[in-house]
Amino acid sequence: MARLVVVLLLAGLTAAEASDRSSPSPTLTGIERTSLYLLAGDYRRALEACEQGIQDRPSAEAYLHLTYVYQAIDAYLEQLSRDESWMAVEQLYLNLAYRHTEDLVDPPGGLARMAKEMIQTSVRQQADVSAAMAVRLNKVVSDRLWQEQTQWRNTHPTTWWQAFPEAWIR
């Protein structure tokens, strides 16, 4: 299903049109599920899915998927900052901060610009850590995935953070 969504998006369809043409499936792979979370902009669940993937089956690939999500958050924040979309920064902050219904009665606070700086500092540090772990596990695989990621970013410079590289989902 995530492959379908990525293909439809690359074909020029909007996320809504792609979503209408696909339905949720309980048999999604971890990377397909994470890819849908990225598409939706649900970075907290994307991070959680990657962390679960590392718990279930640690590998260089799993650590680099996590690294990619951290970098996607960083790039998304940069784009929001350039666009001066501070309301969207606050929404991202809330997406990352809220985990359970009790957060609704005791919400974490934060100004958008401060939240941006705090989130970016943290995701950059965590991306470096998870990337180093991936290299320790398998440098050859890490190098290949970095090349695929670089090609994906170059091909989609303003939206790459909305999905994993196509080569990762095949």
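See above for the structure.
Note that this is a predicted model, so its numbers are computed, not measured. Every chain begins its residue count from 1, and numbering advances along the sequence as written. Residue-level local features of this predicted model are given only where pLDDT is at least 70; pairs of side-chain atoms are given and counted only at 80 or more, and the full residue set underlies all totals for whole chains, interfaces and linings. As a rule here, side-chain values come from all non-hydrogen atoms in the structure, and water together with hydrogens is ignored.

## Here we look at the overall build of the protein chain
Point 1. Each helix corresponds to a stretch of at least 4 residues labelled H or I by DSSP, and each strand to a stretch of at least 2 residues labelled E; elements are numbered beginning at the N terminus. Within the protein chain, the regular secondary structure consists of nine helices and zero strands.
Point 2. Working definition: with a 1.4 Å probe on protein chains only, accessible area under 20% of the residue-type maximum means buried, over 50% means exposed, and in between means partly exposed. A burial count over the protein chain gives 43% of its 170 residues as buried.
Point 3. Relative to all contacts within the protein chain whose residues are 6 or more apart in sequence, the contacts with residues 24 or more apart total 64%.
Point 4. If you sum the accessible surface of the protein chain, you get close to 9,600 Å²; carbon and sulfur atoms cover 52% of it. Contact between two residues is taken to exist if any of their heavy atoms lie within 4.5 Å; hydrogens are not considered. All accessibility values rest on the Shrake-Rupley procedure with a 1.4 Å probe; residue burial counts only the protein chains present in the view.

## A word on the pattern of salt bridges
Point 1. We count a salt bridge whenever a side-chain nitrogen from Lys or Arg sits within 4 Å of a carboxyl oxygen from Asp or Glu. According to the stated counting rule, one finds eight salt bridges in the structure shown.
Point 2. Of the charged contacts in the structure, one is a salt bridge between Asp42 and Arg45, with a shortest N-O distance of 2.7 Å.
Point 3. On the basis of relative accessible area, Asp42 is assigned to the buried category, the value being 13%.
Point 4. A residue is classified by how much of its surface remains accessible, and Arg45, at 36% relative accessible area, is partly exposed.
Point 5. In this structure, Glu78 engages Lys116 in a salt bridge whose closest nitrogen and oxygen atoms are separated by 3.6 Å. One end of the pair, Glu78, is in helix α5 (residues 60-82); the other, Lys116, is in helix α7 (residues 112-137), and 38 residues separate them in sequence.

## Quick notes on the packing of aromatic side chains
Point 1. Think of it this way: a Phe, Tyr or Trp ring, Trp meaning its six-membered ring, pairs with another when their centres are within 6.5 Å, and the plane angle makes it stacked under 30 degrees, edge-to-face over 60, tilted otherwise. Applying the stated criterion across every chain, the model contains six aromatic pairs.
Point 2. With a centroid separation of 5.3 Å and 35° between ring planes, the pair formed by Tyr68 and Phe164 is classed as tilted. Of this pair, Tyr68 sits in helix α5 while Phe164 sits in the loop between α8 (139-155) and α9 (166-169), and the two are 96 residues apart along the sequence. This pair shows no difference in class: Tyr68 is buried, exactly as Phe164 is.
Point 3. Clustering of aromatic rings is evident, with ring pairs tying together Tyr68, Trp160, Trp161, Phe164 and Trp168.
Point 4. In this analysis the charged atom, NZ for Lys or CZ for Arg, is taken to sit over a ring once it is within 6 Å of the ring centre and within 35 degrees of the ring normal. Taking the ring centre of Trp160 as reference, the NZ or CZ of Arg153 above it sits at 3.8 Å.

## Here we look at the packing of α5 against α7
When two helices pack together, their arrangement is given by the angle between the helix axes and by the axis-to-axis distance.
Point 1. To obtain each axis, a line is fitted to C-alpha atoms, and for helices this fit is confined to the stretch in contact; angles are then taken between N-to-C directions over 0 to 180 degrees. Axis separation between α5 and α7 bottoms out at 8 Å; the angle between their running directions is 155°. By the angle between their directions, the pair α5 and α7 is classed as roughly antiparallel. Where α5 crosses over α7, the handedness of that crossing is left-handed. In this structure, α5 contributes Ala60, Tyr63, Leu64, Leu66, Thr67, Tyr70, Gln71, Ile73, Asp74, Leu77, Glu78 and Ser81 to the contact, and α7 contributes Lys116, Ile119, Gln120, Val123, Arg124, Gln126, Ala127, Ser130, Ala131, Met133, Ala134 and Leu137.
Point 2. Only Asp, Glu, Lys and Arg are considered charged, only Ala, Val, Leu, Ile, Met, Phe, Trp, Tyr, Cys and Pro nonpolar, and every remaining residue, Gly among them, polar. Considered class by class, the residues forming the contact of α5 with α7 number 14 nonpolar, six polar and four charged. These descriptions rest on fixed angle ranges, namely under 35 degrees for roughly parallel, over 145 for roughly antiparallel, 65 to 115 for roughly perpendicular, and the rest for oblique. In this scheme the crossing of two helices becomes right-handed for a clockwise turn of the near helix relative to the far one and left-handed for an anticlockwise turn of less than a right angle.

## Structural notes on the nonpolar core
Point 1. Core analysis: the biggest nonpolar cluster contains 41 residues, and Leu38, Tyr43, Val69, Ile73, Ile119 and Phe164 have the highest contact counts within it.
Point 2. Of all the elements in the fold, those that place two or more residues in this core are α3 (30-40), α4 (43-56), α5, α6 (86-97), α7, α8 and α9.
Point 3. Element by element, the count of residues in this core is highest for α5, at 13 residues.
Point 4. With residues up to four places along the chain from it excluded, the contact list for Tyr43 reads Leu38, Val69, Ala72, Ile73, Tyr76, Leu92, Asn95, Leu96 and Trp161. Among buried residues, the Ala, Val, Leu, Ile, Met, Phe, Trp, Tyr and Cys ones that are joined through side-chain atoms within 4.5 Å form a nonpolar core.

## Re unusual backbone geometry
Point 1. Its identity is not glycine, yet Glu84 carries a phi of approximately 55°, on the positive side.
Point 2. For Glu84, the position within the fold is in the loop between α5 and α6.

## Some points on the packing of α6 against α7
Point 1. One way to put it is that α6 packs onto α7 with a least axis distance of 9 Å and a crossing angle of 55°. As far as their axial angle goes, α7 and α6 are oblique. Crossing geometry of α6 relative to α7 is assigned as left-handed. Between α6 and α7, the contacting residues are Trp86, Val89, Glu90, Tyr93 and Leu96 on the first element and Ala112, Arg113, Ala115, Lys116, Met118 and Ile119 on the second.
Point 2. Residue classes in the contact of α6 with α7 are distributed as eight nonpolar, no polar and three charged.

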